[in-house]
Amino acid sequence: MPLSAYLTLAAILFSIGLFGVITRRNTVGILLGVELMLNAVNINLVAFSRFHDTEVGMVFTLFAICITVAEVALGLALVILIFRSRKTAIADHVDWLKG
Amino acid sequence: MMNDPIALVLLAVLAPMAAFLLIAVVFPLRRAGRPAAMVSILAVLTSLVSAIRAWQLAGSVPEPIRAIWDWLPSEHGAFATVGVLIDPQSTLMLILVTLVATLVQIYSLEYLHTEPPAALGRYYAYQSLFVFSMMGVVIAPNLLQLFICWELVGVCSYLLIGFWYRKPEAARAALKAFWTTKAGDVGLLIGIVLIYRLAGTFDLLELRQIIESHGLDVTGLGLITFCLYLGAMGKSAQFPLHVWLPDAMEGPTPVSALIHAATMVTAGVYLLVRTDFLFAQTPDVLALVAWVGGITALMAAILACVQTDIKRVLAYSTVSQLGYMMTAIGAGFAGAGFLHLLTHGVFKALLFLGAGAVIHAVHSNEMKDMGGLFRKLPQVGIVFIIGTLSLAGVPLFAGFASKEEVLGATLAGGFMGPFLMLLTAAFLTAFYMFRVVFVVFFGPPKAGAGHGHAANHAANHAANHAANHADDHGDDHGKVHHSGGDPGFLMAGPLWTLALIALAIGGYFTLNHPESEFVLPGWLTPVAVLVALGGILLAFLTYERQAVSADALASAFGPIRRAALAKFWVDDLFEAMYRRLLLGLARVIGWTDRYIVDGVLNVISAWTLDGGDALRRIQTGRVGDYIFALAAGLLVLMFWMGGSF
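Residues numbered from 1 in each chain as written. Chains lettered and ligands numbered in written order. Predicted model: local features only at pLDDT ≥ 70, side-chain atom pairs only at ≥ 80, totals over all residues.

**Section: the overall build of chain A**
The line we're drawing: Strands are runs of DSSP state E lasting at least 2 residues, helices are runs of H or I lasting at least 4, and numbering of each runs from the N terminus. We take the radius of gyration over the C-alpha atoms and set the globule estimate at 2.2 Å times the residue count to the 0.38 power. Residues are called buried when their C-beta atom has 20 or more other C-beta atoms within 10 Å, exposed when it has 12 or fewer, and partly exposed otherwise; all C-beta atoms are positioned from the backbone. By the convention adopted here, residues make contact when the C-beta atoms placed from their backbones lie within 7 Å.
Each helix and strand in chain A was counted, giving 3 helices and 0 strands. Starting at the N terminus, the α and β elements of chain A follow one another as α-α-α. For chain A, the C-alpha radius of gyration of 16 Å lies well beyond 13 Å, the compact-globule estimate for 99 residues. Viewed in the frame of its principal axes, chain A has a C-alpha envelope of about 50 × 25 × 20 Å. Looking at chain A residue by residue over its 99 residues, the buried ones come to 14%. Within chain A, counting contacts between residues at least 6 apart in sequence, those at least 24 apart form 46% of the total.

In structure tokens, the structure reads:
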């Protein structure tokens, strides 16, 4: 399969994730969207690593996965904290920054 | 030392300055009052003696003596110098200034005996500074030093006219004097700057050399001399800037004597005498000087006829006499003007000090409160009449020769209009001065006059002296005997000195007629004397014999009299100018500031506020919107950058 197939897959995945982030009202759903976007990037990295015949992309992907794990942990912790204080998990209700 | 004119003149100038600094800095001395007065009088006496000696020395050298020191250095020679310029003219003027100042200061000791000591100390500090500044003007070898001292003179006159600063009229009069003369001073400053641009020097002697060697382009000189004349116009109370001088009567009478005789008003005439070589190049400006002088002399003489305040009569007579001097200078004969300046200085000081003695005895400035005072104040009466005869220009008295010189100079200069004005003014001068004499000294005694301390004390004295002094006045009366009688030695001494000098000058000049630069026509002397005697006769018939009714006389000159009572609307004109022009301009500027300058700023700030308010709405606070904007922005960036990939 050509490289473009992998990149197209990653782009579709990224767009789905972005769509989810923008449209989902549930905070956990947004986090899931972010995960999708990150994984789309990972697919890109792995595909480039494979087609350029280097290991750097794979190593980078490993790091990305680790950081994603930490990020999800942190994100969920935030969601829980917000839920405790605001009694909601809906992102639209958390609008303290509204001008 | 005693034979070095430079050292003598420096001593004369710096002694009052030292006295001023001493009195001003050592405040226990100032608070003590009379000791401060002694310091001041001693200093001015020193000046008088040195000035007389310097005059003797200066007369023996043909060339002017000049000593200058660098003041503001610059790359090529000093930009500005200070120093002294000694010639017969300046030393003679020095003598006049110091003589009048000395006598005025001695006189003030008694005249102001009711002042609290601190006020007296302040008075003498101002007096010393005044004398110093005037001498600075007199001996100035360059225009820059002259201008600085000129301004100092203005400040001192402001301080002394407003000496009783708690009296609102005095404070107003002081301000009026300051601002009016300042209006002229602006012209003087511009003139001096223009001279420097044209000739590259401030120095009077160098300027004279440049002019005499025709090294100067005279096309721009007319503007310069006109600017200089503006300064002299303000200081020497020429129409229309004469309005401050009558109001300056709010100051103590000795101050009026000083201002009118020796310092302040003479400065303007002296400036024109000093720069006559410049004016000689600009006949147009000289003609203006002559005409304005004639108008001033006539107008002030008319005004003097309708005054009821004895000091105001004298004030307008000063304005009138200044007009005489200016006319002579304008006719091209500065010497005649200068001579009249000197003689006028002596007899006007005499008249003012005499009027002060009358006011001191009667406690009122108004002539209706005076009458038959010759019997109560015989000495004052005699010296006042000597002064009046001098002012009227009667032979054997001081003003005779100089007034005739002025008339002759005007005629010789070919100014027929101003000459006729001056002749009319001479008639009026004799008339209004003898009106004062007959009303004050010979008319029927007025009730309460002379011994009016009990009855008129509260009203008149409060008007005369500052109101806050009325309380302690009663205690002082035991010590000083002036109720109803002649003044004490301190006041009589200066009066007699001035009277004798006036007589001596008058006698000398009547016998040895001053050498003229022009030919006096033979008919001038009889005409001038007849005019003066005619004025005296009219006053005698009107106010002594009552053969001519004063009311009939007034109604005969109805329109002129009404105009004179309104001061020829000059004051009103200034006020209208102030109200219409200045306040109108202020209103326009205020409107511009409020609605244009502020308006633009307000509109900009309102737009900013509205814009911020509108933009605020895109901050929804919803995470989704932010991310959408982020992604959209990223896409735009990518398409934008797409070309460069």
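From this point, the discussion proceeds with the structure in view.
**Concerning the overall build of chain B**
Broken down by element type, chain B carries 28 helices and 2 strands. In terms of overall dimensions, chain B has C-alpha extents of about 115 × 65 × 55 Å along its principal axes. Looking at chain B as a whole, 51% of its 645 residues are labelled buried. At a minimum sequence separation of 6, the contacts of chain B that also span at least 24 residues come to 81%.

**Brief notes about the packing of helix α15 (residues 310-330) of chain B against helix α20 (residues 416-442) of chain B**
All names here are of chain B. Counted only if it meets this: For helices, the axis comes from a line fit to the C-alpha atoms of the stretch in contact; other axes are also lines fit to C-alpha atoms, and the angle between any two N-to-C directions lies between 0 and 180 degrees. In these notes the angle categories are as follows: under 35 degrees is roughly parallel, over 145 is roughly antiparallel, 65 to 115 is roughly perpendicular, and the rest is oblique. Left-handed is the label given to a crossing in which the near helix is rotated counterclockwise from the far helix by less than a right angle, and right-handed is the label when the rotation is clockwise. Amino acids are sorted into nonpolar (Ala, Val, Leu, Ile, Met, Phe, Trp, Tyr, Cys and Pro), charged (Asp, Glu, Lys and Arg) and polar (every other residue, Gly among them).
Two elements in contact, α15 and α20, have axes whose closest approach is 11 Å; the angle formed by their N-to-C orientations is 155 degrees. Classified by the angle their axes make, α15 and α20 are roughly antiparallel. Where α15 crosses over α20, the handedness of that crossing is left-handed. Note on element contacts: α20 touches α15 through Pro 418, Leu 422, Ala 425, Thr 429, Tyr 432, Met 433, Val 436 and Val 440, opposite Ile 310, Val 313, Ser 317, Ser 320, Tyr 324 and Thr 327. Per-class residue counts for the contact of α15 with α20 are 10 nonpolar, 4 polar and no charged.

**A look at the nonpolar core**
The condition that has to hold: Residues enter a nonpolar core if they are buried, belong to Ala, Val, Leu, Ile, Met, Phe, Trp, Tyr or Cys, and are joined to the set through C-beta atoms within 7 Å.
Counting 208 residues, the largest nonpolar core has B:Val97, B:Val100, B:Ala349, B:Leu350 and B:Val358 as its most contacted members. Excluding residues that lie within four positions of it along the chain, B:Leu350 makes contacts with B:Val383, B:Ile386, B:Gly387, B:Leu495, B:Leu498, B:Ala499 and B:Ala502. Residues A:Val21, A:Met37, A:Ala40 and A:Ala91 belong to the second largest nonpolar core, which totals 8 residues.

**Things to note about helix α16 (residues 334-362) of chain B**
An α-helical turn contains 3.6 residues, so a residue and the one three or four places further along point in the same direction. All names here are of chain B. We apply this condition: Expected helix span is taken as 1.5 Å per residue step, with the number of steps being one fewer than the number of residues. The bend reported for a residue corresponds to the angle between axes fitted to the seven residues ending at that residue and the seven starting there.
When the terminal C-alpha atoms of α16 are compared, their 41 Å separation across 29 residues agrees well with the 42 Å that a helix rising 1.5 Å per residue should span. At His 344, α16 shows its maximal kink, close to 25 degrees. The buried count for α16 comes to 27 of 29 residues, which makes it a mostly enclosed element. His 363, located one to two residues past α16, shows a positive phi value of around 60 degrees.

**Some points on the pairing of strand β2 (residues 78-86) of chain B**
Residues and elements named next belong to chain B. What counts here: Pairing between strands requires that DSSP locate at least two bridges from one strand to the other.
Relative to β2, strand β1 (residues 65-73) runs antiparallel, the two being bridged by 8 bridges. The residue of β2 that forms the bridge with Trp 69 is Val 82. Connecting the antiparallel pair β1 and β2 is a turn made up of 4 residues, with Gly 77 showing a positive phi of about 70 degrees.

**Quick word on the environment of B:Val636**
All names here are of chain B. Mapping Val 636 onto the fold places it in helix α28 (residues 623-641). Its 10 C-beta neighbours within 10 Å are what place Val 636 among the exposed residues. Sequence separation of Val 636 and Ala 412 is 224 residues, and the distance between their C-alpha atoms is 97 Å.

**As for the interface of chain A and chain B**
If you look at the interface, chain A gives 12 residues, while chain B gives 10 residues. Residues of the side of chain A that touches chain B, tallied by class, amount to 7 nonpolar, 2 polar and 3 charged.

**Some remarks on the environment of B:Val9**
All names here are of chain B. Mapped onto the elements, Val 9 comes out in helix α1 (residues 5-25). For Val 9, a count of 30 C-beta atoms within 10 Å corresponds to the buried category. Sequence separation of Val 9 and Val 84 is 75 residues, and the distance between their C-alpha atoms is 7.6 Å. Setting aside residues no more than four positions away along its own chain, Val 9 makes contact with Ala 54, Val 84, Ile 86 and Ile 139.

**Regarding unusual backbone geometry**
Even without being glycine, B:Ala237 reaches a positive phi, approximately 55 degrees. Counting through the fold element by element, B:Ala237 comes out in the loop between α9 (221-235) and α10 (244-247).

**Details of the environment of B:Phe438**
All names here are of chain B. Along the chain, the position of Phe 438 falls in helix α20. Accessibility expressed as a C-beta count within 10 Å gives 19 for Phe 438, which makes it partly exposed. Sequence-wise, Phe 438 and Gln 105 are 333 residues apart; in three dimensions their C-alpha atoms are separated by 29 Å. Non-local contacts of Phe 438, meaning those with residues more than four positions away in its chain, are made with Gly 443, Ala 539, Phe 540, Tyr 543 and Glu 544.

**Thoughts on the packing of α9(B) against helix α14 (residues 283-305) of chain B**
In a packed pair of helices, the relevant descriptors are the angle between the two axes and the axis-to-axis distance. Residues and elements named next belong to chain B. At a minimum axis separation of 9 Å, α9 and α14 run at an interaxial angle of 25 degrees. With respect to each other, α9 and α14 are oriented roughly parallel. Where α9 abuts α14, its residues Gly 222, Thr 225, Phe 226 and Tyr 229 lie against Asp 284, Val 285 and Val 289. Of the residues assigned to the contact of α9 with α14, the class counts are 4 nonpolar, 2 polar and 1 charged.

**Comments concerning the confidence of the model for chain B**
All names here are of chain B. Inclusion rule: As a per-residue quantity, pLDDT reports the predictor's confidence and falls between 0 and 100.
Per-residue pLDDT for chain B has a mean of 81; in total, 91% of the residues score no lower than 70. Per-element averaging of pLDDT across chain B places helix α22 (residues 470-476) at the bottom with 39 and helix α6 (residues 143-161) at the top with 89. For the stretch residues 448-483, pLDDT sits under 50, and the model shows 52 contacts to residues farther than four places along the chain or on other chains. Predicted complex, confidence summary: ipTM 0.74, pTM 0.74.

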